[in-house]
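Secondary and tertiary structure notes
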Amino acid sequence: LKFVCFANDGVDEHMIWLVGLKNIFARQLPNMPKEYIVRLVMDRSHKSVMVIRNNQVVGGITYRPYISQKFGEIAFCAITADEQVKGYGTRLMNHLKQHARDVDHLTHFLTYADNNAVGYFIKQGFTKEIDLDKDRWQGYIKDYDGGILMECKIDPKLPYTD
Ligand code: ACO
């Protein structure tokens, strides 16, 4: 099992994984238009953290780091159906936090969580209370009424992965 993180950089192997991740999102997030998923996953300003097993992608998180604002917006998060509830979702989120802090220098994440995923996000340290100053994120992330805005503060020192 390995965890990788990159944007659409044109590397063949990366493209194959990003297409696999896009297919997982399309299946696991049926309310999201497929064209919208493809556009964000392939967009060069978005990055994806992926769980890879036997050279195949089993899940991932696509996010947009707003480097100047020091926060990231999680666009999509999913694990393929037959691999859910095995702890991959938690490990994925921990890798995302580590990467976002150490590489992107972010302090927070925001996401519009689906109603049925709120429990998962709470277990990952997200809250419905938004502490981040509005002028740091307003106008950057778009309003979306299909979910609940949630925030996670990234610990400045905690080792999130081993
Ligand atoms: N509601 C409540 N709790 C949950 C949920 C849920 N939907 N999913 C997982 N959990 C809990 C688990 O029980 C576990 O709790 P525990 O630590 O007490 O045992 C903990 O969260 C972590 O579980 P993992 O096994 O690490 O989670 P998993 O690998 O299944 O990944 C995920 C979670 C990503 C939500 C997965 O179930 C999934 O792909 N679901 C369908 C797609 C989805 O809803 N994605 C999020 C949409 S919102 C967005 O994309 C911005």
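I will try to describe carefully the structure that is included in this document. (Residues numbered from 1 in each chain as written. Predicted model: local features only at pLDDT ≥ 70, side-chain atom pairs only at ≥ 80, totals over all residues. Heavy atoms only, no water.)

A word on the nonpolar core
Counting residues in each nonpolar core, the largest one holds 24 residues, and the members touching the most others are Ile 74, Leu 96, Phe 109 and Phe 126. Breaking this core down by element, the ones donating at least two residues are strand E2 (47-53), strand E3 (56-66), strand E4 (71-79), helix H3 (88-102), strand E5 (108-113), helix H4 (118-123) and strand E6 (148-153). When residues of this core are assigned to their parent elements, the largest contribution, five residues, is made by H3. When sequence neighbours within four positions are dropped, the list of residues in contact with Phe 126 reads Ile 74, Met 93, Phe 109, Thr 111, Phe 121, Met 150, Glu 151 and Cys 152. (Core = buried A, V, L, I, M, F, W, Y, C linked by side-chain atoms within 4.5 Å. Buried < 20%, exposed > 50% of the residue type's maximum accessible area, 1.4 Å probe, protein only. Helix = DSSP H or I, 4+ residues; strand = E, 2+ residues; numbered from the N terminus. Contact = heavy atoms within 4.5 Å.)

Comments concerning the pairing of E4
The buried fraction of E4 amounts to seven of the nine residues, a majority that puts the element mostly inside the structure. Both E3 and E4 contribute to a ladder of eight bridges, which runs antiparallel. The residue of E4 that forms the bridge with Gly 60 is Ala 78. Summarising the sheet, E4 and E5 pair through four bridges and their orientation is parallel. Across the sheet, the residue bridging to Gly 72 is Phe 109, located in E5. Crossover E4 to E5 through H3 is right-handed. (Pairing = 2+ DSSP bridges. Right-handed = clockwise from strand over helix to strand, strands pointing away.)

Quick word on the packing of helix H1 (residues 12-28) against helix H2 (residues 34-42)
Interhelical geometry of H1 versus H2 gives an angle of 145° and a closest axis separation of 10 Å. As H1 packs across H2, the resulting crossing turns out to be right-handed. Counting all contacts with H1, which are made through Met 15, Leu 18, Val 19, Lys 22, Phe 25 and Ala 26, the residues of H2 involved are Lys 34, Ile 37, Val 38, Val 41 and Met 42. Along the lines of polarity and charge, the residues of the contact of H1 with H2 split into nine nonpolar, no polar and two charged. (Axes fitted to C-alpha atoms, helices over the stretch in contact; angles between N-to-C directions. Left-handed = near helix turned anticlockwise from the far one by under 90°. Nonpolar A, V, L, I, M, F, W, Y, C, P; charged D, E, K, R; others polar.)

A word on the pattern of salt bridges
Under the counting rule described, the total for this entry stands at four salt bridges. Residue Glu 83 pairs with Lys 86 through a salt bridge whose shortest N-O separation is 2.8 Å. A salt bridge links Asp 102 to Arg 101; its shortest N-O distance comes to 2.9 Å. Assessed through its relative accessible area of 12%, Arg 101 is described here as buried. One salt-bridge network, in which partners are shared between bridges, spans Arg 53, Glu 83 and Lys 86. (Salt bridge = Lys/Arg side-chain N within 4 Å of Asp/Glu carboxyl O.)

Topic: the pairing of E3
Counting buried residues in E3 gives nine out of 11 residues, a clear majority hidden from the surface. Bridge count between E2 and E3: seven bridges; the pairing is antiparallel. Along E3, the bridge assignment pairs Lys 47 with Tyr 63. Counting the residues in the hairpin turn of E3 and E4 gives four residues, including Lys 70, whose phi is positive at 60°.

Let's talk about the site of the ligand
Near the ligand lie 24 residues; those nearest to it are Cys 77, Val 85, Gly 87, Gly 89 and Asn 116. Backbone polar atom of Thr 90 to an oxygen atom of the ligand: 2.9 Å apart, as the coordinates give it. Between a nitrogen atom of the ligand and a main-chain N or O atom of Asn 116, the distance comes to 2.7 Å. When the ligand sits alone it has 960 Å² of accessible area, and the protein chains cover 74% of it. Of the pockets mapped on this structure, the ligand occupies the largest pocket. When contributions to the shell around the ligand are tallied by element, the ones reaching two or more residues are E4, H3, E5 and H4. When its residues are assigned to classes, the shell around the ligand shows 12 nonpolar, nine polar and three charged. (Near = heavy atom within 4 Å. Polar contact = N/O pair within 3.5 Å; in protein donor to acceptor, adjacent residues only side chain to side chain. Areas by Shrake-Rupley, 256 points an atom, 1.4 Å probe, with all protein chains shown as cover. 1 Å grid on protein atoms, 1.4 Å probe; cavity = no way out; pocket = protein on both sides within 12 Å on 5 of 7 lines; lining within 4 Å. Sits in = over half its atoms within 2 Å of the grid points.)

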